[in-house]
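Read off the chains here:
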Amino acid sequence: MKNNVIIGAGVTGLTLAERLAAKDENVLIIEKRSTIGGNCYDYFDEDNNYIQLYGPHIFHTDDEEVWNYVNKFSEFNNYIHKVYCHVDGKLINIPFNLNSLYKAFDNLKADKLKEILINEIGINNKVPILKLLNHKNDFIKELAKFIYEKIFLYYTMKQWGKKPEEIDQSVTDRVPVFVSMDDRYFKCRWQGIPKNGFTKMFEKMIDRPNIKIILSTDYKDIIKNLKYDKIYYTGPLDYFFDYEYGKIKYRRIWLDFEKLNTNSYQENSVINYPNDFKFTRITEYNKFLFINNKTTVISREYSSWDKGFEAYPVQDEENKEIVSKYLNKAKNYDNLVLIGRLAECKYYDIDQAIKRALEEVI
Ligand code: UDP
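Chemist: Before we go on, may I ask you to explain the packing of helix 4 (residues 107-120) against helix 6 (residues 138-160) in this structure?
Modeler: Interaxial distance between helix 4 and helix 6 falls to 10 Å at its minimum, and their mutual angle equals 110°. In terms of axis orientation, helix 4 runs roughly perpendicular to helix 6. Note that helix 4 runs across helix 6; the crossing there is left-handed. Between helix 4, through Lys 109, Lys 112, Leu 113, Ile 116, Leu 117 and Glu 120, and helix 6, the contact on the second element is made entirely by Phe 139, Ile 140, Glu 142 and Leu 143. Of the residues in the contact of helix 4 with helix 6, the class split is six nonpolar, no polar and four charged.

Chemist: When you look at the packing of aromatic side chains in this model, what are you seeing that I'm missing?
Modeler: Given two aromatic rings, their pairing is described by the distance between the two centres and the angle made by the two planes. All chains considered together, the criterion is met by 33 aromatic pairs. A centroid spacing of 6.1 Å and a plane angle of 10° characterise the contact between Trp 67 and Trp 190, whose relative ring orientation is stacked. Of this pair, Trp 67 sits in helix 2 (residues 64-71) while Trp 190 is found in strand 10 (residues 190-192), placing the two residues 123 residues apart along the sequence. Each member of the pair Trp 67 and Trp 190 is classed as buried. Members of the aromatic cluster, joined through ring pairs, are Tyr 219, Tyr 233, Tyr 239, Phe 240, Phe 241, Tyr 243, Tyr 245, Tyr 326 and Tyr 333. Above the plane of the ring of Tyr 239 lies Lys 32, whose end atom (NZ or CZ) is 5.9 Å from the centre. A cation over an aromatic ring shows up here: Lys 187 above the ring of Phe 178, its NZ or CZ 4.3 Å from the ring centre.

Chemist: Sorry if this is basic, but what is going on with the sheet that holds strand 18 (residues 336-338) here?
Modeler: Pairing between sheet strands relies on hydrogen bonds along the backbone, with the strands arranged either parallel or antiparallel. Spatially, the five strands line up as an open sheet ordered 11-2-1-12-18, and their pairing is parallel. For this open sheet the edge positions go to strand 11 (211-214) and strand 18, each flanked by a neighbour on one side alone. Between one strand and the next, the sheet's axes are offset by a mean angle of 15°, whatever the strand orientation. In terms of strand pairing, strand 1 (residues 3-7) meets strand 2 (residues 26-30) through five bridges, oriented parallel. What sits directly across from Ile 7, in strand 2, is Ile 30.

Chemist: I would appreciate a short explanation of the pattern of salt bridges in the present structure.
Modeler: Between side chains of opposite charge, a pair can form as their charged atoms come close. Inspection of every chain in the model, using the stated rule, returns 27 salt bridges. One salt bridge connects Lys 187 with Asp 182, and the closest N-O pair in it is separated by 3.8 Å. Taking relative accessible area as the criterion, Lys 187 reaches 26% and is therefore assigned partly exposed. Its salt-bridge partner being Glu 244, residue Lys 329 comes within 2.9 Å of it at the nearest N-O pair. Here Lys 329, found in helix 10 (residues 317-330), pairs with Glu 244, found in the loop between helix 9 (237-240) and strand 13 (250-260); they are 85 residues apart in sequence, far enough to count as distant. According to the relative accessible area criterion, Lys 329 is partly exposed, its value standing at 21%.

Chemist: Explain the site of the ligand here, please?
Modeler: The environment of the ligand is formed by 17 residues, the closest being Trp 160, Arg 174, Tyr 185, Tyr 312 and Tyr 347. A distance of 2.9 Å is found between an oxygen atom of the ligand and a side-chain nitrogen or oxygen belonging to Asn 272. Across the complex, the protein chains shield 93% of the 530 Å² of accessible surface that the ligand would expose by itself. Only helix 6 and helix 7 (169-172) provide two or more residues apiece to the shell around the ligand. The greatest single-element share of the shell around the ligand, amounting to six residues, is contributed by helix 6. Residue composition of the shell around the ligand, grouped by class: 11 nonpolar, four polar and two charged.

Chemist: Looking at this structure, I do not really get the environment of Val 270. What am I missing?
Modeler: Looking at the secondary structure, you find Val 270 in strand 14 (residues 270-272). Given a relative accessible area of 2%, Val 270 falls into the buried group. Sequence-distant contacts of Val 270, that is, excluding residues within four places in its chain, are made with Pro 56, His 81, Lys 82, Val 83, Tyr 84, Arg 281, Ile 282, Thr 283 and Phe 288.

Chemist: Where do I start with empty space enclosed by the protein in this structure?
Modeler: Think of a ball as big as a water molecule: rolled over the atoms, this probe shows where empty space is left. What the rule picks out here adds up to one cavity of 30 Å³ or more. Its boundaries defined by the atoms lining it, the largest cavity holds a volume of some 30 Å³. Ile 94, Pro 95, Phe 96, Ile 147, Ile 151, Phe 152, Val 175, Pro 176 and Val 177 are the residues that line the largest cavity. Take the lining of the largest cavity: its biggest share by element is three residues, from helix 6. Tallied by class, the residues present in the lining of the largest cavity amount to nine nonpolar, no polar and no charged.

Rules used throughout
- Residues numbered from 1 in each chain as written.
- Predicted model: local features only at pLDDT ≥ 70, side-chain atom pairs only at ≥ 80, totals over all residues.
- Heavy atoms only, no water.
- Axes fitted to C-alpha atoms, helices over the stretch in contact; angles between N-to-C directions.
- Helix = DSSP H or I, 4+ residues; strand = E, 2+ residues; numbered from the N terminus.
- Parallel < 35°, antiparallel > 145°, perpendicular 65-115°, else oblique.
- Left-handed = near helix turned anticlockwise from the far one by under 90°.
- Contact = heavy atoms within 4.5 Å.
- Nonpolar A, V, L, I, M, F, W, Y, C, P; charged D, E, K, R; others polar.
- Phe/Tyr/Trp six-rings, centres within 6.5 Å; stacked < 30°, edge-to-face > 60°.
- Buried < 20%, exposed > 50% of the residue type's maximum accessible area, 1.4 Å probe, protein only.
- Lys NZ or Arg CZ within 6 Å of the ring centre and 35° of its normal.
- Pairing = 2+ DSSP bridges.
- Salt bridge = Lys/Arg side-chain N within 4 Å of Asp/Glu carboxyl O.
- Near = heavy atom within 4 Å.
- Polar contact = N/O pair within 3.5 Å; in protein donor to acceptor, adjacent residues only side chain to side chain.
- Areas by Shrake-Rupley, 256 points an atom, 1.4 Å probe, with all protein chains shown as cover.
- 1 Å grid on protein atoms, 1.4 Å probe; cavity = no way out; pocket = protein on both sides within 12 Å on 5 of 7 lines; lining within 4 Å.
- Points joined across faces, edges and corners; volume = space filled by probe spheres on them.

Following this line, the structure appears as structure tokens:
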């Protein structure tokens, strides 16, 4: 029977483990943290408040294979993710859409802009904010400037330490402007939160006799003593190679959690704060699972280069160059697979990470 070692018990590592075990192969997972699920790790506190320890994670996908796969391990609730942005004391829906116009402006102005957007761009179409700034229509250009300044500029500066035009466009393209009344943050066919949380779903995935897991252990401390046929590494790419070609930049996040004596702190699960305060967003996790308790837990989320956990691989030229050097070097290793958000330095969503792992094990 083939023996596999998987470094990292995040979404990618756990999916790989489940798939390999389903092929009757042996799997040993080594995880540095004391928990599984990577940044999707969640739990319930002593008062049954739901908490996602590494910030808001909402499952969403258009991929039927991935949807069927996760449903084997958990039911999903029918939570549909929406996000509001705190702008000039008002809460505006984002991605910015036709409804947002009526929150941001008086009805007369909103009516006019709505007509212009529908005529110029077309109903149900979307445009990335950086593209909208260069639109030929002066009214749209002015609106784009408003959205850019009030929603994107300072949020992105806090999140990435750079202006929107200075980061890879694929990042801001994740939240385009929509000419529609659809308030959903993700336009995917399937979305929701596992009914008992992500961690429970992951536990079920790896509940097999041929999967063993070692937690709270740096793989470098034990790997020399292990015999294996293949190694799947899902940790930071630069760490694997002892930083030989330099460090890969990740944007880090830290969260300030607070428990409050109320059943509801804010109007929505996630509210973004582009302009006020130092944090980027406040998340109230009970709202993901429709929990109505006497207490509730929120987190205020901050970004930086040095504090907190590695959250977002930076998509810039410098990083891409270092990443390709490491990936080239990896070609010299037999039976090594570098895979996942950290190891490939890619901004994978949960479903993309699962898909990547499903395609790896066939
Ligand atoms: N963004 C922004 N303002 C917002 C929401 C998003 O400027 O209110 C930009 C920001 O640059 C962010 C990117 O859009 O990094 C992608 O946002 P997304 O919500 O996809 O990020 P995630 O949920 O993965 O943190």
